[in-house]
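The lines below spell out each chain.
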Amino acid sequence: MKYSNFIASTSNNTPPKGISNLLLSMWHALRDEWDIAHEIVQDIKSKDAAWIHAYLHRVEGDLSNANYWYSRASKDTSNLSLNIEAKEIVMDLIT
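Residues numbered from 1 in each chain as written. Predicted model: local features only at pLDDT ≥ 70, side-chain atom pairs only at ≥ 80, totals over all residues. Heavy atoms only, no water.

Q: Can you help me understand the nonpolar core in this one?
A: The nonpolar side chains of a soluble globular protein tend to be buried, and buried together. Within the largest apolar cluster, 26 residues are counted, with the highest numbers of intra-cluster contacts made by Phe6, Met26, Ile52, Tyr55 and Leu56. Contributions of two or more residues to this core are made by α2 (21-30), α3 (34-41), α4 (47-60), α5 (63-72) and α6 (82-94). The dominant element in this core, judged by the number of residues it contributes, is α4, at 7 residues. When neighbours within four sequence positions are excluded, Phe6 is seen to be in contact with Met1, Ile19, Leu23, Met26, Trp27, Leu30 and Val90. (Core = buried A, V, L, I, M, F, W, Y, C linked by side-chain atoms within 4.5 Å. Buried < 20%, exposed > 50% of the residue type's maximum accessible area, 1.4 Å probe, protein only. Helix = DSSP H or I, 4+ residues; strand = E, 2+ residues; numbered from the N terminus. Contact = heavy atoms within 4.5 Å.)

In structure tokens:
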């Protein structure tokens, strides 16, 4: 799937078929459906999931919790805009 197609799909009522739960979490996050995105990602134990978890807590404004999850993801705390970080996450997941 191309990044542009993924982003365009966030205007639809249903996510693209066959995407991973990590991408599904980001799909909901980009639709401002924080609770659903968080519920999906909190049950996944991987560094990518921890990165998404960190991003979601940045969106929420809980920087202390975000820092904990960046650490779990083995990433530095992001100083990028939320939009740019979201793009980096999605691009990483679809490549």
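Picking up after the structure, the text goes on.
Q: Sorry if this is basic, but what is going on with the pattern of salt bridges here?
A: Pairs can form between side chains of opposite charge whenever their charged atoms are close. Summed over the entire model, instances satisfying the criterion amount to 2 salt bridges. The residue Glu85 makes a salt bridge to Arg58 at a minimum N-O spacing of 2.6 Å. With a gap of 27 residues between them, Glu85 in helix α6 and Arg58 in helix α4 connect regions that are remote in the sequence. For Glu85, a relative accessible area of 1% gives the class buried. According to the relative accessible area criterion, Arg58 is buried, its value standing at 17%. (Salt bridge = Lys/Arg side-chain N within 4 Å of Asp/Glu carboxyl O.)

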